[in-house]
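Observations on the model geometry
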Amino acid sequence: MSRSAVIELAEHAGIDPADVLEYWSERAAVREIDGGQERIAAERGALDDIRELIALGTWAFARKGPRSATPSGSTKRDRETG
């Protein structure tokens, strides 16, 4: 699986290729390390994940990342100084 296939998919979908490459790399690493897949299978599966997210129209939701454990607008310093 090549980076060029990921870039081509991103460009076709009108998504920033850098975002797609980052997500693809992360997903492939998780599949390889945590899932025990060979690298080529992990990369192929990660590309399939991205295709599915794009087809379902959920790409934007996949890239939001984890939510913060702190209330919005609140920082550690705000809580310490109260």
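Residues numbered from 1 in each chain as written. Predicted model: local features only at pLDDT ≥ 70, side-chain atom pairs only at ≥ 80, totals over all residues. Heavy atoms only, no water.

Things to note about the overall build of the protein chain
Scanning the protein chain from terminus to terminus reveals 5 helices and 0 strands. Counting from the amino terminus, helix and strand elements in the protein chain follow one another as α-α-α-α-α. Looking at the protein chain as a whole, 23% of its 82 residues are labelled buried. Sequence-distant contacts, at least 24 apart, represent 42% of the contacts inside the protein chain between residues at least 6 apart. Accessible area of the protein chain: about 5900 Å², with a carbon and sulfur share of 50%. (Helix = DSSP H or I, 4+ residues; strand = E, 2+ residues; numbered from the N terminus. Buried < 20%, exposed > 50% of the residue type's maximum accessible area, 1.4 Å probe, protein only. Contact = heavy atoms within 4.5 Å. Areas by Shrake-Rupley, 256 points an atom, 1.4 Å probe, with all protein chains shown as cover.)

A look at helix α1 (residues 3-13)
Buried within α1 are the following residues: V6, L9 and A10. Projected onto a plane normal to the axis of α1, the buried residues spread over an arc of 100 degrees and lie on a single side. Along α1, the residues that are exposed and aim more than 90 degrees away from the buried face are E8, E11 and H12. In this structure, the buried side of α1 is in contact with α2 (17-33) and α3 (39-56). Directly after α1, the chain includes G14, whose backbone phi takes a positive value near 75 degrees. (Arc of directions from axis to C-beta.)

Brief notes about the packing of α1 against α2
The contact between α1 and α2 brings their axes to 9 Å, and the two run at 130 degrees. By the angle between their directions, the pair α1 and α2 is classed as oblique. Seen from above, α1 lies across α2 with right-handed handedness. Within the contact between the two elements, α1 uses R3, V6, I7, A10 and E11 and α2 uses P17, V20, L21 and W24. Residues belonging to the contact of α1 with α2 are distributed by class as follows: 7 nonpolar, no polar and 2 charged. (Axes fitted to C-alpha atoms, helices over the stretch in contact; angles between N-to-C directions. Parallel < 35°, antiparallel > 145°, perpendicular 65-115°, else oblique. Left-handed = near helix turned anticlockwise from the far one by under 90°. Nonpolar A, V, L, I, M, F, W, Y, C, P; charged D, E, K, R; others polar.)

A closer look at the pattern of salt bridges
The tally for this structure, following the rule as stated, stands at 5 salt bridges. A salt bridge links D49 to R31, with the nearest nitrogen and oxygen atoms 2.9 Å apart. Of this pair, D49 sits in helix α3 while R31 sits in helix α2, and the two are 18 residues apart along the sequence. For the pair formed by D49 and R31, the shared burial category is buried. Among the ionic pairs, D48 bridges to R51, the shortest N-O distance being 3.2 Å. Of the two residues, D48 and R51 are both situated in helix α3; the distance of 3 residues between them amounts to about one turn of the helix. D48 gets classed as partly exposed once you look at its relative accessible area, which sits at 41%. Among the residues examined, R51 registers a relative accessible area of 45% and is labelled partly exposed. Three or more residues joined by partner-sharing salt bridges are found here, namely R27, R31 and D49. (Salt bridge = Lys/Arg side-chain N within 4 Å of Asp/Glu carboxyl O.)

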